[in-house]
Amino acid sequence: MILTIQLFAGIAERLGTSLLEYEYTESPLTAALLKESLALAYPEAASQIRTSFLAVNQQYAPADTMINPGDELALIPPVSGGDGTEGSGSEDNHRSSLSEHRTSDGMFMITKSPLSVEATTALVITANHGAALTFVGTTREMTGEQRTVHLEYEAYVPMALSQMANIGSEISERWPGVRCAISHRIGQVDVAEISVVIAVSSPHRSDCYDASRYAIERLKQTVPIWKKEIWEDGSEWKGHQLGPWNPLDN
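First, a word on scope: everything that follows refers to the structure included in this document. (Residues numbered from 1 in each chain as written. Predicted model: local features only at pLDDT ≥ 70, side-chain atom pairs only at ≥ 80, totals over all residues. Heavy atoms only, no water.)

With that out of the way, let us pick up the sheet that holds strand β2 (residues 19-23). With mixed pairing, the five strands of this open sheet are ordered in space as β2-β1-β5-β3-β4. Sheet topology places β2 and β4 (59-60) at the edges, where each strand pairs with a single neighbour. Of the strands in this sheet, β1 (2-6), β2, β3 (53-56) and β5 (73-76) touch helix α2 (residues 31-41), which is tilted by about 100° from β2. (Pairing = 2+ DSSP bridges. Helix = DSSP H or I, 4+ residues; strand = E, 2+ residues; numbered from the N terminus. Contact = heavy atoms within 4.5 Å. Axes fitted to C-alpha atoms, helices over the stretch in contact; angles between N-to-C directions.)

Right, here's the structure in full:
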């Protein structure tokens, strides 16, 4: 079985490609078996492969998920900003060249263009809600004594949009009536520029605070977007930094 596996961030850089053609001859094949086979085949990236999750048809795959011919496969390293590696950029021939992507309802967006706080907030404003809260994430210049020149963001766009929409659905279930919109930048984001805008609204302010915090934490846990910190003397991809990463935890 010939498998085509999309690679991202530090794994793509380490292996020098963003699209891997891999032959697996045994059957049956599970997500766990494929990951271990890849780790053995590419020892230079083994630690990164083992800490990654396999996505099958744009969904995070538990270890026992069966892999079938024709499945859309992607290896997802820990997301959103450290399990990284230094290096130069990789080929992006399987990424979309479009500058803006939205879900069908317009509430969730990934774009290469500068973000508008006002435009994202306007998506959640409604006559029956008395509270709205907007979180804005920007590029910080100094982290301790390390100076960041700029950030570079990469996304597995269709799955990222799907995961953003899932966050909106989870918020609606936990806090009925609360509206949520998320806009995220990809590509180069300079110091003090906006990388993400999360807007929520609700009839009462307490739900706004809770839903906003939930949205940013879930974004950092489940949405396949990665950031690369570019310094004056090097660079590093940043991943999940809150302990062992499991996007299937809820």
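From this point on, the discussion continues.
Quick look at the packing of aromatic side chains now. The full count for this structure, using the stated rule, is seven aromatic pairs. Ring geometry for F53 versus Y60: centroids 6.2 Å apart, planes at 90°, classification edge-to-face. Each member of the pair, F53 as well as Y60, is classed as buried. Lying over the aromatic face of F53, K35 brings its terminal NZ or CZ to 5.9 Å of the ring centre. (Phe/Tyr/Trp six-rings, centres within 6.5 Å; stacked < 30°, edge-to-face > 60°. Buried < 20%, exposed > 50% of the residue type's maximum accessible area, 1.4 Å probe, protein only. Lys NZ or Arg CZ within 6 Å of the ring centre and 35° of its normal.)

Most peptide bonds take the trans form, and the phi angle of most residues other than glycine is negative. Of note, the bond from S27 into P28 is cis; its omega dihedral lies within 30 degrees of zero at 0°. One can find P28 in the loop between β2 and α2. Phi is positive for N57, close to 55°, though the residue is something other than glycine. Mapping N57 onto the fold places it in the loop between β3 and β4. Phi at A192 is positive, roughly 75°, even though this residue is not glycine. By secondary structure assignment, the location of A192 is in the loop between β12 (187-190) and β13 (194-202). Of the residues examined, A192 reaches a relative accessible area of 59% and is grouped as exposed.

Quick look at the environment of T120 now. Topologically, T120 is positioned in helix α4 (residues 117-122). Given the relative accessible area of 4%, T120 is considered buried. As for T120 and G106, which are separated by 14 residues in sequence, their C-alpha atoms are 9.8 Å apart. Those residues in contact with T120 that sit more than four places away from it in its chain are A181, S183, V197 and A199. Here the side chain of T120 touches S183 through a polar contact of 2.8 Å, side chain to side chain. (Polar contact = N/O pair within 3.5 Å; in protein donor to acceptor, adjacent residues only side chain to side chain.)

Quick look at the side chain of H184 now. Following the sequence through the fold, H184 ends up in strand β11 (residues 179-185). Residue H184 is classed as buried on the basis of its relative accessible area of 6%.

With that settled, consider the nonpolar core. Counting 33 residues, the largest nonpolar core has I110, M164, I171, I182 and L219 as its most contacted members. Within the residue set of this core, elements represented by two or more residues are β7 (108-111), β10 (146-155), α5 (157-174), β11, β13 and α6 (205-222). When neighbours within four sequence positions are excluded, I171 is seen to be in contact with P176, V178, C180, A211, Y214 and A215. Membership of the second largest hydrophobic core comes to 24 residues, among which are I5, Y42, I49 and L75. (Core = buried A, V, L, I, M, F, W, Y, C linked by side-chain atoms within 4.5 Å.)

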